[in-house]
Amino acid sequence: MRPASILVGSLAAFAVFLVTVVVLAQDRRSGAGSQRGDGLSPARVDRDTPVAQGVPLTAAVDLRTWSTELAGRTMIPARALQAYAAAELAQRAAGPGCRLSWTTLAGIGRVESDHGRFGGAALDADGVVRPRIIGVPLDGSDGVAEIRDTDGGRLDGDSVYDRAVGPMQFLPATWARYGADGNGDGIADPHQIDDAARAAAAYLCAEGRDIASGEGWWDGVLTYNRSVNYARLVWAAADRYAAATTTP
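Everything numeric here is computed off the predicted structure, so don't read it as measured data.

**Q** Please provide a residue-by-residue account of helix α6 (residues 193-204), values included.
**A** Compared with the 16 Å implied by 1.5 Å per residue over 12 residues, the 16 Å span of α6 between its first and last C-alpha is a close match. α6 sits mainly inside the fold: 11 of its 12 residues count as buried. Where α6 is concerned, the buried positions are Ile-193, Asp-194, Asp-195, Ala-196, Ala-197, Arg-198, Ala-199, Ala-200, Ala-201, Tyr-203 and Leu-204.

Next up, the structure:
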């Protein structure tokens, strides 16, 4: 993947730029969509084609039981499923008009870090990725943008350049705007799957998007990464996960 033209000049556009670079770095590192050998490939669909959303979760659902039962059918770790589902519930409560489904968050998580499993990493019981998933330095070399350090290396360990971090691959500056405390421990940590999924949900739903509509879904995912090929990968994964919820 190569960087697309990116609008800058406002904070919102700058955030688009940051998240785009996050995924560009991730694609270069992992070959997005191919790591698990699960046959995931970009869906052959046009822009604005709606993707199946799955049945909306209800507040009464037992997330641990639900995620354990669904893990085998989706090939998603139960701990990651629990985080995606919790983020759906929280986002629907905060902004019901967005109609975000966990399946879209899972599609992004699949493409970004294989649900926290990239390079042999894994989610622990607390939802923290160990070892941490840290992207390449964004130093302007070999097709990546140059972004000088914005957080003193606090999140990415690099005090010279920024790097993408965590299971949803946020840059420190993007996290500073959208970071969330998804597990209620009082800390917003991009390396923790509940926090990262909640932040991704807020980012996708920004600007009043309706993610259940074709236009809204594509606008949201293309804001996360301005690449149609990327969006088609996420579409394929999200569609697969939605189908798995109806599999006996």
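Additional details are given in the paragraphs that follow.
**Q** Account for the side chain of Arg-117, with residues named and values stated.
**A** In this structure, Arg-117 sits in the loop between α4 (102-113) and β1 (122-123). When its relative accessible area of 18% is taken as the criterion, Arg-117 is described as buried.

**Q** Give a description of the packing of aromatic side chains that names residues and reports values.
**A** Under the criterion given, the structure shown has seven aromatic pairs. Ring centres 5.2 Å apart and planes at 85 degrees place the aromatic pair Trp-66 and Trp-102 in the edge-to-face group. In this pair, Trp-66 sits in helix α2 (residues 63-74) while Trp-102 sits in helix α4, placing the two residues 36 residues apart along the sequence. Classification of Trp-102 as buried rests on a relative accessible area of 2%.

**Q** Now, about the packing of helix α3 (residues 78-94) against α6: what can you tell me, with residues and values included?
**A** Two elements in contact, α3 and α6, have axes whose closest approach is 8 Å; the angle formed by their N-to-C orientations is 40 degrees. It follows that α3 is oblique to α6 by the angle criterion. α6 is crossed by α3, and the crossing has right-handed handedness. Residue-level inspection shows Arg-79, Ala-80, Ala-83, Tyr-84, Ala-87, Ala-90, Gln-91 and Ala-94 of α3 in contact with α6, the latter providing Ile-193, Asp-194, Ala-197, Arg-198, Ala-201 and Ala-202.

**Q** Explain the pattern of salt bridges to me, and be specific about the residues and the numbers.
**A** Enumeration over the complete set of coordinates arrives at 13 salt bridges. In this structure, Arg-130 engages Asp-124 in a salt bridge whose closest nitrogen and oxygen atoms are separated by 2.7 Å. Overall, the relative accessible area of 21% leaves Asp-124 in the partly exposed class.

Conventions used here
- Residues numbered from 1 in each chain as written.
- Predicted model: local features only at pLDDT ≥ 70, side-chain atom pairs only at ≥ 80, totals over all residues.
- Heavy atoms only, no water.
- Helix = DSSP H or I, 4+ residues; strand = E, 2+ residues; numbered from the N terminus.
- Expected span 1.5 Å × (residues − 1).
- Buried < 20%, exposed > 50% of the residue type's maximum accessible area, 1.4 Å probe, protein only.
- Phe/Tyr/Trp six-rings, centres within 6.5 Å; stacked < 30°, edge-to-face > 60°.
- Axes fitted to C-alpha atoms, helices over the stretch in contact; angles between N-to-C directions.
- Parallel < 35°, antiparallel > 145°, perpendicular 65-115°, else oblique.
- Left-handed = near helix turned anticlockwise from the far one by under 90°.
- Contact = heavy atoms within 4.5 Å.
- Salt bridge = Lys/Arg side-chain N within 4 Å of Asp/Glu carboxyl O.

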